[in-house]
Amino acid sequence: MLKQQSHIVAPIPDELRTRALYTVSQLRDRGKADREAIDKLFELIVELTEAGLDFFFLEPLRRLNASSMMMGMARMGISSMLKGSKMVVHKVLKKLDDKSLAAILDFIDEIIHEPEQG
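Quick summary incoming for the structure in this document.

## Observations regarding the overall build of the chain
Alright, step 1. Along its length, the chain carries four helices and zero strands.
Alright, step 2. Of the regular secondary structure in the chain, the N- to C-terminal order runs α-α-α-α.
Alright, step 3. Structurally, the chain occupies a C-alpha span of about 45 × 40 × 25 Å along its principal axes.
Alright, step 4. Counting only residues that meet the buried cut, the chain has 26% of its 118 residues in that class.

So, in structure tokens, the structure goes:
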């Protein structure tokens, strides 16, 4: 679905991609939105969010050779955003049912891609 529309891209480490796909597969096989699944999904979403925030907010500053003070201010802002995001994600996931779990796993599957060879 995303390939049919304009979209932005954020790279993630290969290790995170591998772990994300493994976690999605593992949770899909279990099919239960129990506490263990919710905890694993929460950790995965937080890690993916951290990688995206780093790329979209800190990477441009690194490329501009921003001062350490500017980087520190940016990190503080991102940290606040991440705290707020964690609270919202945690509240949403606590109410997750099996069908909603499957929908979130489908979404994560859709947004993670292997590097293009070229």
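Picking up after the structure, the text goes on.
## Here's the deal with the pattern of salt bridges
Alright, step 1. This model, assessed by the stated rule, comprises eleven salt bridges.
Alright, step 2. With a shortest N-O distance of 2.7 Å, Arg 28 and Asp 106 are connected by a salt bridge. Remark: Asp 106 occurs in helix α4 (residues 98-111) and Arg 28 occurs in helix α1 (residues 14-30); sequence separation between them is 78 residues.
Alright, step 3. For Asp 106, a relative accessible area of 41% corresponds to the partly exposed category.
Alright, step 4. Linking Asp 54 and Arg 62 is a salt bridge whose minimum nitrogen-to-oxygen distance equals 2.6 Å.
Alright, step 5. Assessed through its relative accessible area of 28%, Asp 54 is described here as partly exposed.

## Details of the packing of aromatic side chains
Alright, step 1. This structure, assessed with the given rule, holds one aromatic pair.
Alright, step 2. When the ring of Phe 55 is compared with that of Phe 56, the centres are 5.2 Å apart and the planes differ by 75°; the resulting orientation is edge-to-face.
Alright, step 3. By relative accessible area, which is 37% here, Phe 56 ends up partly exposed.

## Re the nonpolar core
Alright, step 1. Leu 41, Leu 44, Leu 93, Leu 96, Leu 101 and Ile 108 are the most contacted members of the largest nonpolar core, which has 20 residues in total.
Alright, step 2. Going through the elements one at a time, α1, α2 (35-63) and α4 are the ones with two or more residues in this core.
Alright, step 3. Among the elements that take part in this core, α2 stands out by supplying nine residues, more than any other.
Alright, step 4. Discounting residues that sit within four places of it in the chain, Leu 101 has contacts with Leu 27, Lys 32, Ala 33, Ala 37, Leu 41 and Leu 96.
Alright, step 5. In this structure, Leu 53, Leu 58, Ala 74 and Leu 82 belong to the second largest nonpolar core, which totals seven residues.

Analysis parameters
Residues numbered from 1 in each chain as written. Predicted model: local features only at pLDDT ≥ 70, side-chain atom pairs only at ≥ 80, totals over all residues. Heavy atoms only, no water. Helix = DSSP H or I, 4+ residues; strand = E, 2+ residues; numbered from the N terminus. Buried < 20%, exposed > 50% of the residue type's maximum accessible area, 1.4 Å probe, protein only. Salt bridge = Lys/Arg side-chain N within 4 Å of Asp/Glu carboxyl O. Phe/Tyr/Trp six-rings, centres within 6.5 Å; stacked < 30°, edge-to-face > 60°. Core = buried A, V, L, I, M, F, W, Y, C linked by side-chain atoms within 4.5 Å. Contact = heavy atoms within 4.5 Å.

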